[in-house]
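# Residue-level structural notes
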Amino acid sequence: MTKVHPNAVAPEAAIGGATSTRRTPPPPGEEAEVLTVWRKSLLFNCDGFTVFDAKGNLAFRVDCYASARRRAEVVLMDVAGKPLLTVRRRRLSLAEHWVIYDGDATSEDESKAKPLLSVRRHVSLRGSSKKKALAHVTPLASSAAASSAAAYVVEGSYGHRACAVRDARGDAVVAEVRRKEAVGDDVFRLVADPRLGAPLAMGLVIALDEMFAGTSSARSLLRRTWSAA
(Lines give C-alpha, C1' and ligand atoms only; values in the text may rest on other atoms or scores of the structure.)
Protein backbone atom coordinates (compact mmCIF):
# COMPACT_ATOMS: atom_id res chain seq x y z
CA MET A 1 0.00 0.00 0.00
CA THR A 2 1.33 3.42 -0.97
CA LYS A 3 2.13 5.63 2.01
CA VAL A 4 0.47 9.03 2.21
CA HIS A 5 3.24 10.66 4.25
CA PRO A 6 6.53 11.41 2.40
CA ASN A 7 9.70 9.47 2.23
CA ALA A 8 12.84 11.43 3.04
CA VAL A 9 13.57 13.91 0.25
CA ALA A 10 16.78 15.86 0.06
CA PRO A 11 15.94 19.59 0.15
CA GLU A 12 18.39 20.33 -2.65
CA ALA A 13 16.51 17.86 -4.87
CA ALA A 14 13.07 19.05 -3.79
CA ILE A 15 13.44 22.73 -4.63
CA GLY A 16 13.74 23.48 -8.31
CA GLY A 17 12.48 20.18 -9.71
CA ALA A 18 10.51 19.70 -12.89
CA THR A 19 8.88 23.13 -12.69
CA SER A 20 12.14 24.99 -11.99
CA THR A 21 15.05 25.97 -14.17
CA ARG A 22 16.89 28.20 -11.70
CA ARG A 23 17.00 28.30 -7.93
CA THR A 24 18.59 30.19 -5.09
CA PRO A 25 19.53 28.05 -2.07
CA PRO A 26 17.95 28.77 1.34
CA PRO A 27 19.91 30.90 3.82
CA PRO A 28 22.86 29.11 5.48
CA GLY A 29 21.76 26.71 8.21
CA GLU A 30 18.15 26.59 7.02
CA GLU A 31 16.58 23.87 4.90
CA ALA A 32 13.44 23.67 2.83
CA GLU A 33 10.58 21.85 4.55
CA VAL A 34 9.04 18.94 2.65
CA LEU A 35 5.38 18.25 3.42
CA THR A 36 2.86 15.77 2.11
CA VAL A 37 -0.57 17.28 1.49
CA TRP A 38 -3.61 15.01 1.48
CA ARG A 39 -6.73 16.64 0.11
CA LYS A 40 -8.96 15.08 2.74
CA SER A 41 -10.08 15.99 6.24
CA LEU A 42 -9.68 13.42 8.99
CA LEU A 43 -13.05 14.46 10.41
CA PHE A 44 -16.27 12.80 9.30
CA ASN A 45 -18.48 14.80 6.94
CA CYS A 46 -15.78 17.43 6.34
CA ASP A 47 -13.85 18.60 3.30
CA GLY A 48 -10.33 19.87 3.82
CA PHE A 49 -6.65 19.05 3.92
CA THR A 50 -4.44 16.92 6.13
CA VAL A 51 -0.73 17.82 6.01
CA PHE A 52 2.15 15.64 7.21
CA ASP A 53 5.79 16.56 7.79
CA ALA A 54 8.74 14.60 6.39
CA LYS A 55 8.61 12.16 9.33
CA GLY A 56 4.96 11.35 8.76
CA ASN A 57 3.70 13.42 11.71
CA LEU A 58 0.61 15.57 11.40
CA ALA A 59 1.63 19.19 10.75
CA PHE A 60 -1.46 21.15 9.63
CA ARG A 61 -5.14 20.55 9.06
CA VAL A 62 -8.08 22.17 7.32
CA ASP A 63 -11.59 21.06 8.26
CA CYS A 64 -14.50 22.55 6.32
CA TYR A 65 -17.88 21.45 7.68
CA ALA A 66 -20.71 20.99 5.20
CA SER A 67 -22.73 23.69 6.98
CA ALA A 68 -19.97 26.23 6.30
CA ARG A 69 -19.71 25.82 2.53
CA ARG A 70 -21.35 29.15 1.82
CA ARG A 71 -18.64 30.96 3.77
CA ALA A 72 -16.01 32.33 1.46
CA GLU A 73 -13.08 31.56 3.76
CA VAL A 74 -10.94 28.63 4.87
CA VAL A 75 -8.92 28.35 8.10
CA LEU A 76 -5.53 26.63 8.32
CA MET A 77 -4.95 25.08 11.77
CA ASP A 78 -2.11 23.42 13.61
CA VAL A 79 -2.31 19.89 15.04
CA ALA A 80 -4.20 21.08 18.13
CA GLY A 81 -6.77 23.00 16.09
CA LYS A 82 -5.33 26.49 16.73
CA PRO A 83 -6.01 28.78 13.75
CA LEU A 84 -2.81 29.86 12.02
CA LEU A 85 -4.15 31.57 8.89
CA THR A 86 -7.48 32.53 7.37
CA VAL A 87 -7.77 32.47 3.57
CA ARG A 88 -10.66 34.70 2.53
CA ARG A 89 -12.18 35.45 -0.86
CA ARG A 90 -12.39 39.12 -1.82
CA ARG A 91 -15.74 40.06 -3.26
CA LEU A 92 -16.38 42.38 -6.20
CA SER A 93 -13.06 41.68 -7.87
CA LEU A 94 -12.63 41.48 -11.65
CA ALA A 95 -10.29 38.50 -11.28
CA GLU A 96 -10.52 35.87 -8.56
CA HIS A 97 -8.80 37.38 -5.52
CA TRP A 98 -7.98 35.85 -2.13
CA VAL A 99 -6.31 37.39 0.92
CA ILE A 100 -4.38 35.43 3.54
CA TYR A 101 -4.82 36.79 7.09
CA ASP A 102 -2.90 36.05 10.26
CA GLY A 103 -4.67 33.80 12.75
CA ASP A 104 -8.45 33.41 12.98
CA ALA A 105 -10.05 36.22 11.00
CA THR A 106 -13.41 34.51 10.57
CA SER A 107 -15.09 36.51 13.34
CA GLU A 108 -13.38 39.82 12.55
CA ASP A 109 -14.38 42.48 10.08
CA GLU A 110 -11.84 43.26 7.37
CA SER A 111 -10.65 46.47 9.04
CA LYS A 112 -9.50 44.58 12.18
CA ALA A 113 -7.97 41.51 10.53
CA LYS A 114 -4.22 41.44 9.77
CA PRO A 115 -3.63 40.71 6.08
CA LEU A 116 -0.38 39.02 5.09
CA LEU A 117 -0.61 38.14 1.40
CA SER A 118 -2.83 39.03 -1.54
CA VAL A 119 -3.31 36.27 -4.15
CA ARG A 120 -4.83 37.23 -7.51
CA ARG A 121 -5.59 34.81 -10.30
CA HIS A 122 -3.61 35.65 -13.43
CA VAL A 123 -5.63 37.16 -16.27
CA SER A 124 -3.94 36.04 -19.47
CA LEU A 125 -3.51 38.15 -22.56
CA ARG A 126 -2.99 36.29 -25.81
CA GLY A 127 0.71 35.91 -26.50
CA SER A 128 1.68 37.96 -23.44
CA SER A 129 3.96 35.33 -21.87
CA LYS A 130 5.75 32.11 -22.77
CA LYS A 131 5.46 30.76 -19.26
CA LYS A 132 2.12 29.81 -17.74
CA ALA A 133 1.42 32.20 -14.89
CA LEU A 134 -1.33 31.07 -12.54
CA ALA A 135 -1.47 33.80 -9.89
CA HIS A 136 0.33 36.83 -8.53
CA VAL A 137 1.16 37.12 -4.82
CA THR A 138 1.78 40.44 -3.09
CA PRO A 139 2.79 40.93 0.58
CA LEU A 140 0.47 43.36 2.37
CA ALA A 141 1.09 46.12 4.91
CA SER A 142 1.03 44.01 8.06
CA SER A 143 3.41 41.40 6.63
CA ALA A 144 7.09 41.52 7.53
CA ALA A 145 7.89 40.67 3.92
CA ALA A 146 6.15 43.82 2.74
CA SER A 147 9.05 45.95 3.93
CA SER A 148 11.26 44.43 1.25
CA ALA A 149 8.60 44.96 -1.43
CA ALA A 150 8.77 41.26 -2.28
CA ALA A 151 6.32 39.93 -4.83
CA TYR A 152 5.84 36.45 -6.22
CA VAL A 153 4.37 34.77 -9.27
CA VAL A 154 2.94 31.24 -9.35
CA GLU A 155 3.82 29.36 -12.54
CA GLY A 156 3.01 25.89 -13.87
CA SER A 157 -0.13 23.78 -13.47
CA TYR A 158 -1.94 23.29 -10.17
CA GLY A 159 -4.28 20.76 -11.79
CA HIS A 160 -1.28 18.59 -12.65
CA ARG A 161 0.28 19.27 -9.23
CA ALA A 162 3.36 20.83 -10.83
CA CYS A 163 3.76 24.51 -10.00
CA ALA A 164 6.28 26.81 -8.34
CA VAL A 165 6.09 30.11 -6.45
CA ARG A 166 8.96 32.33 -7.60
CA ASP A 167 10.06 35.81 -6.72
CA ALA A 168 9.07 38.44 -9.28
CA ARG A 169 12.49 38.27 -10.98
CA GLY A 170 12.27 34.49 -11.30
CA ASP A 171 15.55 33.98 -9.43
CA ALA A 172 14.31 32.11 -6.34
CA VAL A 173 11.70 29.40 -5.80
CA VAL A 174 10.09 29.85 -2.37
CA ALA A 175 7.47 27.09 -2.62
CA GLU A 176 6.74 24.23 -4.96
CA VAL A 177 3.87 21.78 -5.47
CA ARG A 178 5.04 18.44 -6.84
CA ARG A 179 3.14 15.30 -7.74
CA LYS A 180 3.64 12.36 -5.40
CA GLU A 181 4.23 9.17 -7.32
CA ALA A 182 1.38 6.69 -7.85
CA VAL A 183 -1.17 8.30 -5.53
CA GLY A 184 -3.16 10.59 -7.87
CA ASP A 185 -4.10 14.25 -7.55
CA ASP A 186 -5.38 14.14 -3.97
CA VAL A 187 -1.94 13.53 -2.44
CA PHE A 188 1.03 15.69 -3.39
CA ARG A 189 4.25 17.17 -2.03
CA LEU A 190 4.65 20.76 -0.91
CA VAL A 191 8.20 22.09 -0.58
CA ALA A 192 8.38 25.29 1.48
CA ASP A 193 11.49 27.45 1.51
CA PRO A 194 12.23 29.05 4.93
CA ARG A 195 12.03 32.50 3.31
CA LEU A 196 8.28 31.95 2.90
CA GLY A 197 7.60 29.31 5.57
CA ALA A 198 5.38 26.25 5.61
CA PRO A 199 2.16 27.93 6.93
CA LEU A 200 2.13 30.63 4.24
CA ALA A 201 3.06 28.08 1.57
CA MET A 202 0.05 26.02 2.66
CA GLY A 203 -2.09 29.16 2.63
CA LEU A 204 -1.13 29.65 -1.01
CA VAL A 205 -2.09 26.04 -1.76
CA ILE A 206 -5.55 26.67 -0.27
CA ALA A 207 -5.99 29.76 -2.46
CA LEU A 208 -4.79 27.92 -5.57
CA ASP A 209 -7.11 25.02 -4.80
CA GLU A 210 -10.08 27.37 -4.74
CA MET A 211 -9.00 29.04 -7.98
CA PHE A 212 -8.14 25.92 -9.95
CA ALA A 213 -9.98 22.99 -8.34
CA GLY A 214 -11.92 22.51 -11.57
CA THR A 215 -8.72 21.70 -13.48
CA SER A 216 -8.21 18.40 -11.63
CA SER A 217 -10.30 15.62 -10.11
CA ALA A 218 -10.56 17.68 -6.93
CA ARG A 219 -13.59 19.86 -6.22
CA SER A 220 -13.60 23.18 -4.44
CA LEU A 221 -13.94 23.25 -0.66
CA LEU A 222 -16.40 26.12 -0.96
CA ARG A 223 -19.46 26.65 -3.11
CA ARG A 224 -18.63 28.98 -5.99
CA THR A 225 -20.95 31.91 -6.70
CA TRP A 226 -19.15 32.82 -9.93
CA SER A 227 -16.08 31.82 -11.90
CA ALA A 228 -13.37 33.98 -13.40
CA ALA A 229 -12.52 33.66 -17.09
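Just so you know, these numbers come straight off a predicted model, no measurement behind them.

Each helix and strand in the protein was counted, giving two helices and twelve strands. For the protein, the N- to C-terminal ordering of α and β elements is α-β-β-β-β-β-β-β-β-β-β-β-β-α. Expressed as a percentage of its 229 residues, the buried residues of the protein come to 49%. Contacts in the protein between residues at least 24 apart in sequence constitute 42% of all its contacts with a sequence separation of at least 6. When the accessible surface of the protein is totalled, it reaches about 11,700 Å², and 53% of it is carbon and sulfur.

We now examine the side chain of D209. Topologically, D209 is positioned in helix 2 (residues 198–212). The class of D209 is buried, set by a relative accessible area of 0%.

This paragraph deals with unusual backbone geometry. Phi angles above zero are rare outside glycine, and N45 is one such case at about 65°. The topology assignment puts N45 in the loop between strand 1 (33–38) and strand 2 (46–52). For R161, which is not glycine, the phi dihedral falls at a positive 55°. Mapped onto the secondary structure, R161 falls in the loop between strand 9 (152–157) and strand 10 (162–167). Of the residues examined, R161 reaches a relative accessible area of 0% and is grouped as buried.

Tracing the sequence through the fold places A105 in the loop between strand 6 (97–102) and strand 7 (115–121). Residue classification places A105 among the buried residues on the basis of a relative accessible area of 0%. Look past the residues within four positions of A105 in its chain and what remains in contact with it is T86, R88 and A113.

Here we take up the confidence of the model for the protein. Counting all residues, the mean pLDDT for the protein is 78, and 68% of those residues have values of 70 or more. Per-residue pLDDT, averaged within each element of the protein, yields its smallest value for helix 1 (residues 11–14) (39) and its largest for strand 1 (97). Across residues 145–149, confidence stays below pLDDT 50; counting only partners more than four residues off in sequence or on other chains, it has five contacts. Low pLDDT, under 50, characterises residues 222–229; the predicted model gives this stretch 24 contacts beyond four residues in sequence or across chains.

The rules behind the values
- Residues numbered from 1 in each chain as written.
- Predicted model: local features only at pLDDT ≥ 70, side-chain atom pairs only at ≥ 80, totals over all residues.
- Heavy atoms only, no water.
- Helix = DSSP H or I, 4+ residues; strand = E, 2+ residues; numbered from the N terminus.
- Buried < 20%, exposed > 50% of the residue type's maximum accessible area, 1.4 Å probe, protein only.
- Contact = heavy atoms within 4.5 Å.
- Areas by Shrake-Rupley, 256 points an atom, 1.4 Å probe, with all protein chains shown as cover.
- pLDDT = per-residue confidence, 0-100.

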